[in-house]
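Structural overview for review
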Amino acid sequence: TGRSGYVILKGRVDVCDDSEDSSGKMRVSGSSNVSSGRGQVVTTLPSQRFFGEMTMLWGVRRTKSVYANLSCTLAKLKRDNYLGLVTRGEMEARSRREECLRNVPMLETLSHEHISRIDDALEVKTFEPGEKIIRQNEEGNEFYVIQEGECRVTIETGSN
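Residues numbered from 1 in each chain as written. Predicted model: local features only at pLDDT ≥ 70, side-chain atom pairs only at ≥ 80, totals over all residues. Heavy atoms only, no water.

1. A short note on the sheet that holds strand β2 (residues 13-17)
Spatially, 3 strands are ordered β3-β2-β5 in an open sheet, and the strand pairing comes out antiparallel. Each having just a single partner strand, β3 (40-45) and β5 (65-68) make up the two edges of the open sheet. The average undirected angle you get between the axes of adjacent strands in this sheet is 30 degrees. Two strands pair when backbone bridges link them, and β2 and β3 are joined in this way by 5 bridges, in the antiparallel orientation. Paired with Val13 across the two strands is Leu45, which belongs to β3. (Pairing = 2+ DSSP bridges. Helix = DSSP H or I, 4+ residues; strand = E, 2+ residues; numbered from the N terminus. Axes fitted to C-alpha atoms, helices over the stretch in contact; angles between N-to-C directions.)

2. Observations concerning a nonpolar patch on the surface
Taken together, the side chains of Met54, Trp58 and Val60 define a hydrophobic patch exposed on the protein surface, amounting to about 350 Å² of accessible area. By the element assignment, Trp58 lies in helix α1 (residues 53-58). The exposure class of Trp58 is exposed, given its relative accessible area of 62%. (Patch = residues over 30% accessible without salt bridge, like charges linked within 9 Å, V, L, I, M, F, W, Y side chains within 5 Å. Areas by Shrake-Rupley, 256 points an atom, 1.4 Å probe, with all protein chains shown as cover. Salt bridge = Lys/Arg side-chain N within 4 Å of Asp/Glu carboxyl O. Buried < 20%, exposed > 50% of the residue type's maximum accessible area, 1.4 Å probe, protein only.)

3. Section: the confidence of the model for the protein chain
Close inspection of predicted coordinates is inappropriate for parts of the model with low pLDDT. On average, residues of the protein chain score 86 in pLDDT, and 88% of them are at 70 or above. Segment residues 29-34: pLDDT under 50, and 8 contacts once partners within four positions in sequence are set aside and those in other chains are kept. (pLDDT = per-residue confidence, 0-100. Contact = heavy atoms within 4.5 Å.)

4. A few points about the pattern of salt bridges
Counted according to the given criterion, the structure contains 10 salt bridges. One salt-bridge network, in which partners are shared between bridges, spans Arg94, Arg97, Glu98, Arg102, Asp119 and Asp120.

5. Focus on helix α2 (residues 79-102)
Look at α2: 34 Å from first C-alpha to last across 24 residues, which is about the 34 Å you get at 1.5 Å a residue. What α2 keeps buried is the set Ala93, Arg97, Glu98, Cys100 and Leu101. Of the surrounding secondary structure, the elements contacted by the buried residues of α2 are α3 (112-121). (Expected span 1.5 Å × (residues − 1).)

6. Re the nonpolar core
Counting residues in hydrophobic clusters, the biggest one holds 5 residues: Ile8, Val13, Val15, Leu45 and Phe51. Discounting chain neighbours no more than four positions away, the residues touching Phe51 are Gly5, Tyr6, Ile8, Val13, Leu45, Val66 and Leu74. (Core = buried A, V, L, I, M, F, W, Y, C linked by side-chain atoms within 4.5 Å.)

7. Focus on the sheet that holds strand β6 (residues 73-78)
Taken in spatial order, the 3 strands make up an open sheet running β4-β1-β6, and their pairing is antiparallel. Either end of the sheet is taken by a strand with one partner, and the two such strands are β4 (50-51) and β6. Relative to β4, strand β1 (residues 4-10) runs antiparallel, the two being bridged by 2 bridges. If you follow Tyr6 over to β4, its bridge partner there is Phe51. Strands β1 and β6 of the sheet are contacted by α2, whose axis makes an angle of about 65 degrees with β6.

Laid out in structure tokens, this is it:
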């Protein structure tokens, strides 16, 4: 098993099925996509593609082999580095959300633990300009805190 994924910066790679059949021979079909000493070419990946993500994320054995199709340059992303970046990003996002919640007047009396519990239950939603968030006279079952951006509130009155 591997612990890295790869980004193709330049060139192309062939993804091949180098597995063996029950007799120990490499599976090769009668295709012109078969290079000498390699199994069946399953696909060719161009530059700016990522491969090896299943092994990097889950630590499973690689199921295909990858060969340079042309001269190529790859960037290697190690699992530990990826997880560190994701974890750090999540921690920073959580900290921003909790700080936002602490600035909501109706939540100001809650403890840090309660704010953390609310953050655990949050579902972050993004709205595009002009998109309806809530509508007057509809039954409400959601509570929103504006983390970023602005909203316009309109109220219909009897004179509208």
